[in-house]
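Structure assessment
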Amino acid sequence: MSMADLAPSLPADTARTGGLARLAVAATVALLFAGGGFLLHAEQQGQVIALLAAFVAVFALAEKVPVGRRIVGLCRAHPGTVNLTAALSILAIAAALREEHYTLLMMATVALFATAAAGLTLQMAFAGVPNFAGAAFFAVGAYVAALLGHTGIPHLLVLLIAGLAAAVLGLVLLLPVLRTRGHYAALVTIAFGLLLRAFLEVNDVLGGPQGMKVKSFSLFGLDFSRVTEIGPYDVSFYLPYALASCALFALAFFLVRRLETSFVGVALDAVRSDEVAASVFGLSIARWKATAFLLGNAMIGVAGALYGMMNGFVNPNSANFGDSLIMLSILVLGGLGNLWGAVVAAVVILVIPEKLQAIQEFRLIIFALLVIAILRFRPSGLMPRAVRDFSALVKGGSR
Amino acid sequence: MSPLLACSGLTMRFGGLTALDALDISVGKGETIGLVGPNGSGKTTFFNVLTGLYKPSAGAVQLEAQDLFARSAQEIGRAGVARTFQRSRLMLDQTVFDNIALGALGRLDLSLLSALVLRGRFRRQLSELVERATALTRRFNPQIAANLFKPAGSFTMIDRRRIEICRALVGAPRLLLLDEPSAGMTHEETRALMDDLLAFREEMPDLAIVLVEHEMDVIRRISDRCIVLNFGKKIFEGPFDALIADREVQTAYLGGAQ
Ligand SMILES: Nc1ncnc2c1ncn2[C@@H]1O[C@H](COP(=O)(O)OP(=O)(O)OP(=O)(O)O)[C@@H](O)[C@H]1O
Ligand SMILES: [Mg+2]
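This is a predicted model, so every value here is computed, not measured. (Residues numbered from 1 in each chain as written. Chains lettered and ligands numbered in written order. Predicted model: local features only at pLDDT ≥ 70, side-chain atom pairs only at ≥ 80, totals over all residues. Heavy atoms only, no water.)

1. With respect to the overall build of chain A
Threshold: Put simply, DSSP H or I for four residues or longer makes a helix, DSSP E for two residues or longer makes a strand, and each gets a number counted from the N terminus. C-alpha atoms define the radius of gyration, and 2.2 Å times the number of residues to the power 0.38 defines the globule rule. For every residue, the accessible area (1.4 Å probe, protein chains only) is compared with the maximum for its type, and the residue is labelled buried under 20%, exposed over 50%, or partly exposed between those bounds. Pairs of residues are marked as contacts when any of their non-hydrogen atoms sit within 4.5 Å. We treat Lys and Arg as the positive residues and Asp and Glu as the negative residues; His and chain ends play no part in the count. Note that the charge is assigned to NZ on lysines, CZ on arginines, CG on aspartates and CD on glutamates.
For chain A, the helix and strand inventory stands at 17 helices and 6 strands. On C-alpha atoms alone, chain A measures out to a radius of gyration of 22 Å, which is about the 21 Å that the 2.2 N^0.38 rule sets for 399 residues. Taken over the C-alpha atoms alone, chain A extends approximately 85 × 60 × 45 Å along its principal axes. The 399 residues of chain A split such that 50% are buried. Counting only contacts in chain A whose residues sit at least 6 apart along the sequence, the fraction spanning at least 24 positions is 78%. Put simply, chain A has 26 plus and 19 minus side-chain charges, and the middle of one group is 8 Å from the middle of the other.

2. Here we look at the coordination of the magnesium ion (ligand 2)
Basically, it comes down to this: Only nitrogen, oxygen and sulfur atoms count as donors, using a 2.8 Å cut-off from the metal that widens to 3.2 Å for Na, K and Ca. Water is left out, so coordination shells may look unfilled.
Ligation of the magnesium ion (ligand 2) by protein atoms is provided by Thr44 of chain B (OG1) and Gln86 of chain B (OE1), these donors lying 1.9 to 2.1 Å from the ion. A residue pair is termed long-range when its members are at least 10 positions apart, and Thr44 of chain B in helix 1 (residues 43-50) and Gln86 of chain B in the loop between strand 6 (81-83) and helix 3 (96-105) qualify at 42 residues.

3. Topic: helix 11 (residues 263-273) of chain A
For an α-helix, 3.6 residues make a turn, and residues three or four places apart therefore share a direction. Residues and elements named next belong to chain A. Defined as follows: Polar contact is the term for a pair of N or O atoms within 3.5 Å; when the atoms are in protein, one must be able to donate a hydrogen and the other to accept it, and sequence-neighboring residues count only if both atoms are side-chain atoms.
The buried fraction of helix 11 amounts to 9 of the 11 residues, a majority that puts the element mostly inside the structure. Looking at helix 11, one finds that the buried residues are Phe263, Val264, Gly265, Val266, Ala267, Leu268, Asp269, Ala270 and Val271. For helix 11, the N-terminal capping position is held by Ser262, with its side-chain oxygen 3.1 Å away from the main-chain nitrogen of Val264.

4. Side note on the environment of Lys150 of chain B
All names here are of chain B. Locating Lys150 in the fold gives a position in the loop between helix 6 (142-146) and helix 7 (157-170). Once the C-alpha coordinates of Lys150 and Gly52 are considered, the two residues, 98 residues apart in sequence, prove to be 31 Å apart. Look past the residues within four positions of Lys150 in its chain and what remains in contact with it is Gln94, Thr95, Val96 and Phe155.

5. A look at the pairing of strand 3 (residues 32-36) of chain B
All names here are of chain B. Under the convention used in this document: Note on pairing: two strands pair once DSSP finds at least 2 bridges between them.
Here strand 3 lies mainly inside the structure; 5 of its 5 residues are buried. Residues Thr32, Gly34 and Val36 point to one face of strand 3 and Ile33 and Leu35 to the other, with burial holding for every one of them. Across 4 bridges, the pairing between strand 3 and strand 8 (residues 208-212) is parallel. Within strand 8, the position partnered with Leu35 by the bridge is Val212. Both strand 3 and strand 9 (residues 225-230) contribute to a ladder of 4 bridges, which runs parallel. Across the sheet, residue Val36 finds its bridge partner in strand 9, namely Val228.

6. Regarding the nonpolar core
Test applied: Only buried residues count toward a nonpolar core, which is a set of Ala, Val, Leu, Ile, Met, Phe, Trp, Tyr and Cys residues joined through side-chain atoms within 4.5 Å. Domain start and stop positions are those given by an automatic or database domain assignment.
In terms of nonpolar packing, the biggest core is built from 175 residues, with Met107, Leu283 and Ile330 of chain A together with Phe97 and Leu105 of chain B touching the most fellow members. The biggest single contributor to this core is helix 6 (residues 101-126) of chain A, with 18 residues. Structurally, this core is a two-domain feature, drawing no fewer than three residues from each of domain 1 (1-80 + 173-258) and domain 2 (89-171) of chain B. Setting aside residues no more than four positions away along its own chain, Ile330 of chain A makes contact with Phe113, Ala117, Ala342, Ala345, Ala346, Ile349 and Leu350 of chain A. Leu10, Leu20, Ile76 and Leu177 of chain B belong to the second largest nonpolar core, which has 28 residues in total.

7. With respect to helix 3 (residues 45-61) of chain A
Residues and elements named next belong to chain A. To keep things clear, this is the line we draw: A helix is expected to span 1.5 Å multiplied by its residue count minus one. The arc in question is traced by the directions running from the helix axis to the C-beta atoms.
Here helix 3 is 17 residues long and its end C-alpha atoms lie 24 Å apart, about the 24 Å a rise of 1.5 Å per residue gives. Restricting attention to buried positions, one finds in helix 3 the residues Val48, Leu52, Phe55 and Phe59. What you see down the axis of helix 3 is that its buried residues fit within an arc of 60°, all on one side.

8. Here we look at the site of ligand 1
All names here are of chain B. To keep things clear, this is the line we draw: To be near a molecule or strand, a residue needs just one of its heavy atoms within 4 Å of it. The Shrake-Rupley method, run with a 1.4 Å probe sphere, supplies the accessible areas, and residue values consider only the shown protein chains as cover. Residues were grouped as follows: Ala, Val, Leu, Ile, Met, Phe, Trp, Tyr, Cys and Pro as nonpolar; Asp, Glu, Lys and Arg as charged; and all remaining residues, including Gly, as polar.
In the region of ligand 1, 15 residues are neighbours, and Gly40, Lys43, Thr44, Thr45 and Gln86 sit closest. Separating an oxygen atom of ligand 1 from a side-chain N or O atom of Lys43 is a distance of 2.8 Å. Thr44 has a polar side-chain atom sitting 2.7 Å from an oxygen atom of ligand 1. Expressed as a share of its isolated accessible area of 640 Å², the protein-covered part of ligand 1 is 65%. Only strand 2 (17-27) and helix 1 provide two or more residues apiece to the shell around ligand 1. With 3 residues, helix 1 is the single largest residue contributor to the shell around ligand 1. In the shell around ligand 1, the residues fall into 5 nonpolar, 8 polar and 2 charged.

Right, here's the structure in full:
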């Protein structure tokens, strides 16, 4: 049999392996989310530790064994399948845990911090603009929600205004951040965060150190805090928050990915990695850094507004430096520039310390060891950003 | 006919050091200039000033009707001046295509609207650019064209120089500045690179090139006119044969000037 005889059977073959590949991808993602769901819900220390061990094993082996590498490659090749499976898994987890207040609260928190991390991704991972004041912009969003939540302005619009406000406040920082570089720009943002917090503490209109109450989120007349059942099912009022937070993350994910897979993404990468080459080829460094900084802060502000509405209050402590560092850790631990990495890292950083409550004095040690171990063995994060590959778009890929 | 590029009295001082000393240099449309001079004579500085990376201390720079004196790098880039760098400057962990795309970004639609919403328009521009990049890289090395979506860092130094040249060419510049493109190449590789460049040149007869090069063979083959710098001053300008015979150039190269 010659090569020519074999050729016609090729397309059908690749179609079949394509289907199989998608199935493998979907199964992997579903399994990971199932593990995450169990971790969110687990109450016994034994379960938590077992899940953690499984988690460490999965990430340790992912790139060591051939099967792991194969699966990682397949996931990268089928982003559509990954995203769809992830969305369905999240809905399934939410449905299964619909009555669990605390678990849903954590799920919403993870989604909102991951949304903030998406904003930081634009700034730091793409444009290379440091932002050590993430929590400050998050708090700005929450304060805007506190001020406007009860005025009758539709809450979706309030979220939008909160984003705008965070971006506008970021303008104050824009000049110094564009003029300075590296550590100096980072210092500027740290100073801004500290200043904002001090300002909030002494400002009586904004409630001083006590802060302000924030009205709960309502969507088209449906007040989230009053939701107790959906159809025949009793649900926690945190369920709509968890779903809305995940939807917000999905939107941020969509925006960031679209930008990344466009010429804007190339421009941002060029500005970050080589300002000289970027400017010689006609890019305005200031324009792109400013665009990323403002858009990123807007995303953080919107996430902060929903977070404030869910918690029902906001105070100056929300703008503390520690929380800004937590947001950054999520970014770095997840892998700069990879938003699914940010989700996994948000679970590690926000959920695991809570889950280890029972062993109080040891929990921070275990947590710290875990983070150090991750960065020791995966220095570019749990899920490093994939190289942008436009070939998928040219050959009539689906996205 | 007025020249494409006209510099007069172009001066660049770094503190007490005069790196470019009242240079008068003009380049015509479609002309190839061989720019030579000993180490530290100011060749790279000339490129850096021309492309807006350094602000010149004095003089005038004109690209056709456009005044480019002390303009920003990005304005100059958009006016149609492209270059390569003596020390390669590629984004090594991005694909070859992304690197080459940078050379065209100045003329593409970079609005957020088309990145986020009007994807049809973006995709059209993308596939056009992929075709251009493929055709360009194929000319310099078919292996690059075949691996257009591999990280630039996975290529040899020589291929990286070729990629840099493609990046500079993809935006269809009017003036191309090449800073020692053959550094580190063997004679054969250098010859092949120059053949490719000359072949490309056939299709863009208006493109002006300024080439910094230490290999005299290369200069002889490719340049219409030669300019020699020494201590930031132009000490010679004319055809290659006259350059070889010039006493002052010989002393500059043999170190007699010190
Ligand atoms: N940014 C700078 N600051 C101070 N001095 C500089 C700077 N750039 C170049 N110079 C000086 O200007 C002079 C010319 O340097 P340039 O790099 O232009 O030389 P060159 O002709 O390109 O040499 P080579 O053949 O080694 O590449 C040198 O004395 C160099 O030290
Ligand atoms: Mg030089």
